[in-house]
Structures are given as structure tokens and as C-alpha cells.
Amino acid sequence: MDDGECRVRFFSELDGDVIDYDFTSFAVARPLQEAFARAFDTHVGPGGQINGTGGANNAFRQLNAFVKLLIKDERPPTAPADLAPRHLKEFLLSKGDAPTAGMMLGLLRSLLVHVEGLTPQFAAKCSEWVPDRREKITSRGSYSPDEEKAILDAARKTVRAAAARIRKARALLERWRRGEITQEADPDLFEYASILDMVESGRELPRNKWNNGTARWVARHGTVMELMKQLHLNVQETCAITILLVRLTGENGSTIIKAPAAFHRTDGGAGPVSTVQVDLSKPRRGRRRYMTAALSDLPSWAAAPQEEGVLSAKDELHTAFGLYMLALELTAPARRNMGSDRLLVYWIPKAGGPRPRQGTVVKRRHKNGPGYRDQLSLSAVGAWGAELNLIADEPDEDGGPQRLIVGTGRMRVTHSAREQKPVAHTTQTLADTYLRRDKTSLREYQKVVADVLEKEVVKARTAGRIQQLSREDVAEALRDPEPVAKRLGVSTEMMRLLVARDADTVLAACTDNTNSPHSPSGEPCRASFLKCLDCPCARAMPHHLAVQTVALDMIDERRTHMTALRWAERFALPFFQLEDLLRRAGERAVSKAREQAGDAERELVRRLLDGELDER
């Protein structure tokens, strides 16, 4: 902070960037400039909360927005002690209905708390709960099926053309290296192949005598961009691979962009379904940022490859494994020449990325100008999508056609909406954040859930009810089992087993384990014990009522931990069947059974619902 300067130098742990943030650009008094700079240094320093360029830029951006509000005050603050709680309130209000308003205020508070000299009132305000605006607003949601298809078709077309171009150039280069192309037989082709050899090996192309371009004999075969493109991906093709991988894996775009080239073949290259394990990073998860993702080969409709690493053009563009291996192949020379360990490396003819904001000096790890890059920006994906000129399903406010915005965020939401499975988040986050706020698929999703529930209700009503014994039936069977056995359609010996509780499963008792409708005749039943609720071999005894009440309550509780569709598909039928059983048992008996249920019943039902009791 000498000689009038007030800068903080940030060293990114994630991408190697070195950025100088200039706090003299803040139009506030010098004491506030220095106080903000010191707080920022603590926030993004080695012991701080931020270790990536994006996070540091965002923190500086929010602080800059806060400063712009301060200078609009009738009496702008000149020192940390002048900061008042109303300034934070004004900052939140300035964000309007932005869904991320609460998150931006939270970021600002976490930075300002490091400012020295704050009043107790302002420091306390920084510790208050921040309202989450996202609860009040629905996101743009997933792409419609037609929009998704248009984006993925365009991406696959782009990647398919890139693969064909690079493979053709490599095949030519291999022929030249084997001596199959000679200067005598075809001097032009020989010369062109020798240029490809320099491109592939990372050597600089010969320059002309004025040193302002390539040599004439090189330029005759194309521009530098055209020659480099023969063996390397460009930024648009890398964007296409990124959007495809996001859709196939459900991972964040930033996670895919930073995915490593190193992987582990869990199947040893010999499994029936090829799979690779890739170590990924999601910084926002903090200590849980590192995770291993399994990228599987083929969906059910695709044929397995006959040879290791050999996939059809369709399979390598429609499966996570195939696309990962294709990207690995297409980027190998660029990765080697750059010395990068990332999967997605491409060549660019000029400096990429956004220009530094006013007041910052950015020193990047790569020089300005042409060269290899392994730091694709998410904005580049949007720019590539804009070049596609795709039309959205929904018209604009005037009823005219509206350009479809392509982004990794919406594509990830689309994956969640289609697959209904959480990826790098909890099932509750999937349901609350990705599905409930998805305006595109919410109505469709609700209709699907309603249809499933209706079908399960009909199934529960039409399926045969299992026979239910009363306490009077049990008492009579203890005195004379034969009449009761005849009424229940079982042998006298089986009646004795039922009363002795020797035929119990979990929710009922079984009278004929080798003649279940859920297994081949003559073989022991291997169906889930939940299937007992509609099995003609099952009998519900009074002592089962306690575990049945626990099962009903725990199944109902799982609604909050699963997506509505998954719950309906898995638990709606047994839920309705249990409701029917308890209704027939009577309210008084059910209330007493619920009181008698203990930890043993709850643990048994938990194991049942988690599938631990299923035969594998």
C-alpha cells in the first residue's frame, strides 16, 4: 500500500492465475480503501474461503457494487466505523428480485466481517440470517425435449465433424511417418504431412524472412489456424463436448471443464459394460469438493463394443464413457504439448476469456496470443450456443421467435428432470432445487406423478387383499385350530405355525413359501417382503400391527427424502395397502400398536425399506 497504491495480489490454487485487485479504483476515502483491501486479502488469502479465480472475481465484484452504493449516500462513509446496518439492507434491495440476491449479500457479509474497526451493530448485522430470494422465484428450468434435442444434435454434429477431421489428418500423418508418402511420388502431400508432423509434435512452424508470418511454403497449405485445426480441437468443438458431457453425466459445467485426463478402468478393460472412474472437483462443496465419478459405457439400447476401446460413432457420442474416451483421444497432442493434465485442451488463435474489469491487473499463466488452453469459460459455451441460432419453444413478450440460450446450468437441470437421479447433491436438493423450481417440467412432472399415483391406487384396490386375523381368531385357534384353519384355507399344522409366529416374514406371515406368484413354482420366494402385502400366501396377524404402523409412518416420511416420482413408483402401492390393513384393524388397535412399537420394529422396517433384507 505504498506510494499511493492499494492492491491485493491473488494466487489461484485452482487454475494458476495471478490477479492484482486495485482498491484505489474504489471512490471512497483512503481509510476505507485500505480496510476493504485488508479484509479482501484475508478473505481470499491462504487461510481464506476462496481459492479460485471465479470466486475472487465475484467477491471483488460484490464489494465494488457495495462501494457504489456507499458513494451515493448523502454523507458517504469515510471509515469502517461509519458503516451502518442500513447499508447492507440497501445492498440487498438493490438486487431487486434476483434469485441470487441472498447469496450475493451472504458473500458480501462474509467479506466485510474481516474489516477492522466495525461498530458492534454493523458486525452483528453481518451475522444475521439472509433471506433466500430463490424460494420466491422459479428458475428458467430445463430445456423442453425439442430444445434439448436441437442442442444435442448440433453438439454431436460439431464433435462428429471434429473427430472425422482430426482422425483423417492423423491417418495421413501416420502414413507419412511410415514412409508411405514420399517426396518423389507426391511432393505437395509430403510437404503438407511434414507440416502436420510439426503441428502434432508442438514445434513452431517456419516463419518468413520478415518474421511476420509463416514461411511461404507453409502458408501455401493454409493459415496457422487452419493447420492447427487439423490436429486439435477449437473452442467451439470443446464447448460442444462440454455440453454433451454435462447432459450425459449431470455434473456441473465447471466440473467437466476441469475434469482430469487421468482415469481408472474399474473393469480392467474386460468388463461387459465399460466404465472409467474420474476424480472430479466441485469447489463449492468445501471439504467434500473432491469426488469420484463413474462414467459408464452404454445405455440399454446400445451394443457393447467387440474390442476394447472400439465404439461405434453413435455410442461414443451418446454415452459418458464413449465421449470421455473420444475427448481423451482428440486432445492427446494438445495436452502433451501444453503439459496439461486436464481432459479438455484446445488451440485458440488469439487470447481468450473476458477482459479484466476496470481496476484490476490480470497476469495469466498463458501469454496473450495464440496457443493451447485448458481453461474453457462457461461464457464461451453460451457464445457457441448463440452461434447455433436455435429458436426456443416459448415466444418472446411480443409473441415473436426467441433465440434459445444455451448453457451448462440449464443442461444440468435438464439432466435432473429427465433422469430423476441426484448427481453430486442429495435427493432432497434434487427435489427442492432442481425439480420444484423447474418451471419447464414442473407441470409435466406433476402430471406424471399424479398418473403413477392413480395407477398405484387402482392396483391397490384391484389386487387381492391379504387375509387378516383378529385377536378373536387367534384365541379360537389356540383352543381349536382346525375350524380357523378351514376358514383361512390353510392346513391345521400351518395354523399352529401362524399362531406360534414361526411363519412370520416382516409385515405378515407366509403360508406357502414355495408357491409364491412372485417366483417360479416349487422354488423359495425371492421377492421383497413388501410384496407380501398383495400375496395370496400372506396372512396378517394381530402381532404384525405394530410393525405395520411403523412401516406406514416410515414410508410416509420418505416422501421428504425422495423425488415425488421415485416415491410413487416404489412406495405408493405398499403405502396404500398398509393404509387399507390399518383401516380394517380399527383406529383403537392401530393407536395401541403404534404405542407398543419400539426400536426393534423401526430398525427392521429401515432395513426393509433400504433393501437390506432383499435377496441379491
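Keep in mind that what you see is a predicted model, and the values were worked out from it rather than measured.

Chemist: Hey, could you run me through the overall build of the protein chain in this one?
Modeler: The helix and strand tally for the protein chain stands at 25 helices and eleven strands. Here the protein chain, with 616 residues, has 46% of them falling under the buried criterion. Relative to all contacts within the protein chain whose residues are 6 or more apart in sequence, the contacts with residues 24 or more apart total 64%. For the protein chain, the accessible area works out to roughly 32,400 Å², and carbon and sulfur atoms hold 50% of it.

Chemist: How should the pairing of strand β1 (residues 7–11) be read in this particular structure?
Modeler: Within a regular beta strand, the side chains point alternately toward one face of the sheet and then the other, so they alternate between its two faces. Burial along β1 is one-sided: V8 and F10 are buried, while R7, R9 and F11, pointing the other way, are not. Relative to strand β2 (residues 18–22), β1 runs antiparallel, the two being bridged by five bridges. What sits directly across from R7, in β2, is D22.

Chemist: So what exactly am I meant to see when it comes to the pattern of salt bridges here?
Modeler: Note on pairing: side chains with opposite charge can pair once their charged atoms come close. Scanning the model with the defined rule gives 33 salt bridges in all. With a shortest N-O distance of 2.7 Å, D153 and K149 are connected by a salt bridge. On the criterion of helical spacing, the pair formed by D153 and K149 is a turn pair, its members being four residues apart in helix α6 (residues 145–177). Taking the relative accessible area as the measure of exposure, D153 reaches 34% and is therefore partly exposed. We note a salt bridge from R220 to E191, for which the minimum N-O separation is 2.4 Å. With R220 in the loop between α8 (216–219) and α9 (224–229) and E191 in helix α7 (residues 187–201), this pair connects stretches of sequence that are 29 residues apart. Classification of E191 by relative accessible area gives buried; the value is 19%. A cluster of three or more residues bridged by salt bridges with shared partners is formed by E174, R177, D197, E200, R203 and R336.

Chemist: How do you make sense of the environment of A163 when you look at a structure like this?
Modeler: Here A163 lies in helix α6. The exposure class assigned to A163 is buried, which follows from its relative accessible area of 4%. In this structure, the C-alpha to C-alpha distance between A163 and L233, residues 70 residues apart in sequence, is 8.8 Å.

Chemist: Help me out: how do you make sense of unusual backbone geometry in this one?
Modeler: Trans is the common state for peptide bonds, and a negative phi is the common state for residues other than glycine. Here N389, not a glycine, exhibits a phi torsion of approximately 55°, which is positive. Accessibility expressed as a relative area gives 57% for N389, which makes it exposed.

Chemist: What should I look at first to understand a positive patch on the surface in this one?
Modeler: A surface patch of like charges, here positive, comprises R471, R501, R588 and K592. When you line up the elements, R471 lands in helix α19 (residues 471–479).

Chemist: Got a minute to help me understand helix α22 (residues 545–557) in this structure?
Modeler: Residue pairs spaced three or four apart in an α-helix point in one direction, given the helix's 3.6 residues per turn. The terminal C-alpha atoms of α22, which comprises 13 residues, lie 18 Å apart, in line with the 18 Å expected from a rise of 1.5 Å per residue. Within α22, ten of the 13 residues are buried, which leaves it mostly tucked inside the rest of the structure. Three or more residues of α22 are buried, namely L545, A546, V547, Q548, T549, V550, A551, L552, M554 and I555. The secondary structure elements touched by the buried residues of α22 are β11 (538–540), α23 (564–585), α24 (587–596) and α25 (599–609).

Chemist: Got a minute to help me understand the packing of helix α10 (residues 235–249) against helix α13 (residues 320–330) in this structure?
Modeler: Angle between the axes and distance between the axes: these two values describe a pair of packed helices. In contact at an axis separation of 9 Å, α10 and α13 are set at 155° when each is read in the N-to-C sense. The angle between the axes of α10 and α13 places the two elements in the roughly antiparallel class. Crossing hand, α10 versus α13: left-handed. Contacts from I241, L244, L245, L248 and T249 in α10 reach A320, L323, Y324 and A327 in α13.

Chemist: Would you mind going over the nonpolar core with me for this structure?
Modeler: Of all hydrophobic cores here, the largest spans 40 residues; its most connected members are I151, I241, I243 and L376. When contributions to this core are tallied by element, the ones reaching two or more residues are α6, α10, α11 (253–257), α13, β6 (346–348) and α15 (378–388). Per-element accounting of this core gives the leading share, eight residues, to α10. Not counting chain neighbours up to four residues away, the residues in contact with I241 comprise V159, L233, L323, A327 and L344. Among the nonpolar cores identified, the runner-up in size contains 38 residues, and V8, F23, F66 and L92 belong to it.

Chemist: What's the story with the packing of aromatic side chains in this structure? I'm lost.
Modeler: Aromatic rings in a pair are described by how distant their centres are and how their planes are angled relative to each other. Tallying each qualifying case throughout the model produces ten aromatic pairs. With a centroid separation of 5.0 Å and 40° between ring planes, the pair formed by Y21 and F60 is classed as tilted. Of this pair, Y21 sits in strand β2 while F60 sits in helix α2 (residues 53–70), and the two are 39 residues apart along the sequence. Grouping residues by exposure puts Y21 and F60 together as buried. Connected via pairs of aromatic rings, a cluster forms that spans Y21, F23, F26, F40 and F60.

The rules behind each value
- Residues numbered from 1 in each chain as written.
- Predicted model: local features only at pLDDT ≥ 70, side-chain atom pairs only at ≥ 80, totals over all residues.
- Heavy atoms only, no water.
- Helix = DSSP H or I, 4+ residues; strand = E, 2+ residues; numbered from the N terminus.
- Buried < 20%, exposed > 50% of the residue type's maximum accessible area, 1.4 Å probe, protein only.
- Contact = heavy atoms within 4.5 Å.
- Areas by Shrake-Rupley, 256 points an atom, 1.4 Å probe, with all protein chains shown as cover.
- Pairing = 2+ DSSP bridges.
- Salt bridge = Lys/Arg side-chain N within 4 Å of Asp/Glu carboxyl O.
- Patch = residues over 30% accessible without salt bridge, like charges linked within 9 Å, V, L, I, M, F, W, Y side chains within 5 Å.
- Lys, Arg positive; Asp, Glu negative; His and termini not counted.
- Charge placed at Lys NZ, Arg CZ, Asp CG, Glu CD.
- Expected span 1.5 Å × (residues − 1).
- Axes fitted to C-alpha atoms, helices over the stretch in contact; angles between N-to-C directions.
- Parallel < 35°, antiparallel > 145°, perpendicular 65-115°, else oblique.
- Left-handed = near helix turned anticlockwise from the far one by under 90°.
- Core = buried A, V, L, I, M, F, W, Y, C linked by side-chain atoms within 4.5 Å.
- Phe/Tyr/Trp six-rings, centres within 6.5 Å; stacked < 30°, edge-to-face > 60°.

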